[in-house]
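# Observations on the three-dimensional arrangement
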Amino acid sequence: FFAREEGARQRVRQRLLLEQRRHLEEIRTSQDRLRAAFEISPDPITLIDLSDLRYVSANPAFCALTGWSEHELVGRTADELGIFRLVDQKATIDARLAAGGALGSEACITTRDGRVRHIRNFAQRLTLGGRPCMLSFSRDETDARAAEEARAAMQAELEHVHARLRRVVDNAPL
């Protein structure tokens, strides 16, 4: 009787260990997928600890945008690195995230070499390992804005030339 009972307990332990191993493998696979998406995303992504606003992680696209390596970013704040151009932009973002939920905003950042870039930022507050964090996705809209401004300038010039031609045609002797 005791041998049968001990055998049953042994099988239960083995089944639990197998389930635990399978669960751990699923977690590792999920982490690997998320890490791959983070690393290959063409959009800049950062993870920031909200308790002290220090970078926890940054993907290669964010590093390329700002000119800072992940090693140089981690453990430092955007203020320390001079990334945020206006302190009040950062304060507004921090206040809105502190209220909870997601955030979409536009901001100007300064790259390591001093260039100003216009970004659209989407951020979500989340908890990782018991720490409040912000996962942030950005889009650099600097070139698109410049192209739109150039298009608008060309349109204004075209309208000016058209008006001048119209005056010439209207005032031409018949």
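About the thresholds
Residues numbered from 1 in each chain as written. Predicted model: local features only at pLDDT ≥ 70, side-chain atom pairs only at ≥ 80, totals over all residues. Heavy atoms only, no water. Pairing = 2+ DSSP bridges. Helix = DSSP H or I, 4+ residues; strand = E, 2+ residues; numbered from the N terminus. Axes fitted to C-alpha atoms, helices over the stretch in contact; angles between N-to-C directions. Polar contact = N/O pair within 3.5 Å; in protein donor to acceptor, adjacent residues only side chain to side chain. Contact = heavy atoms within 4.5 Å. Core = buried A, V, L, I, M, F, W, Y, C linked by side-chain atoms within 4.5 Å. Buried < 20%, exposed > 50% of the residue type's maximum accessible area, 1.4 Å probe, protein only. Phe/Tyr/Trp six-rings, centres within 6.5 Å; stacked < 30°, edge-to-face > 60°. Lys NZ or Arg CZ within 6 Å of the ring centre and 35° of its normal. 1 Å grid on protein atoms, 1.4 Å probe; cavity = no way out; pocket = protein on both sides within 12 Å on 5 of 7 lines; lining within 4 Å. Points joined across faces, edges and corners; volume = space filled by probe spheres on them. Nonpolar A, V, L, I, M, F, W, Y, C, P; charged D, E, K, R; others polar.

This part covers the sheet that holds strand E1 (residues 45-49). Either a parallel or an antiparallel arrangement is found when strands of a sheet pair, and the pairing is made through backbone hydrogen bonds. Across the sheet, which stays open at both edges, the five strands sit in the order E2-E1-E5-E4-E3 with antiparallel pairing between neighbours. The two strands at the open ends of the sheet, each matched to only one other strand, are strand E2 (54-58) and strand E3 (102-110). Strand-to-strand twist of the sheet, defined as the mean angle between neighbouring strand axes without regard to direction, takes the value 30°. The pairing of strand E4 (residues 116-128) with strand E5 (residues 131-140) spans 10 bridges and is classified as antiparallel. Within E5, the position partnered with Arg 120 by the bridge is Arg 139.

Turning our eyes to something else, we now look at the side chain of Asn 121. As for its placement among the helices and strands, Asn 121 is situated in strand E4. A polar contact of 2.6 Å, which involves the side chain of Asn 121, links it to the side chain of Ser 136. Of the polar contacts made by the side chain of Asn 121, one reaches the side chain of Ser 138; its length is 2.8 Å. Once you skip the residues sitting within four places of it in the chain, Asn 121 turns out to touch Leu 103, Gly 104, Ser 105, Ser 136, Phe 137 and Ser 138.

Soluble, globular proteins show a tendency: their nonpolar side chains are buried together. If you look at the biggest cluster of nonpolar residues, it comprises 18 residues, and the most contacted ones within it are Tyr 55, Phe 62, Leu 73, Leu 81 and Ile 83. Among the elements of the structure, E2, helix H2 (60-66), helix H4 (78-81), E3 and E4 are those that each provide at least two residues to this core. Those residues within four positions of Ile 83 in sequence are excluded, and the remaining contacts are Tyr 55, Phe 62, Thr 66, Trp 68, Leu 73, Ala 78, Cys 108, Ile 109 and Thr 110.

This part is about the packing of aromatic side chains. The full count for this structure, using the stated rule, is one aromatic pair. Aromatic side chains Tyr 55 and Phe 62 sit 5.7 Å apart centroid to centroid with 45° between the ring planes, which places their arrangement in the tilted category. Like Phe 62, Tyr 55 is buried. Of note, Arg 112 hangs over the ring of Trp 68, and the distance from its end group to the ring centre comes to 4.0 Å.

A water-sized probe rolled over the atoms picks out the places where empty space is left. Roughly 400 Å³ of volume is contained in the largest pocket. Lining the largest pocket are 13 residues, and of these Leu 34, Arg 35, Phe 38, Leu 47 and Leu 135 sit closest to its centre. Where the lining of the largest pocket is concerned, the elements lending two or more residues are helix H1 (2-40), E1, E4 and E5. Among the elements that take part in the lining of the largest pocket, H1 stands out by supplying five residues, more than any other. Here the residues of the lining of the largest pocket sort into nine nonpolar, three polar and one charged.

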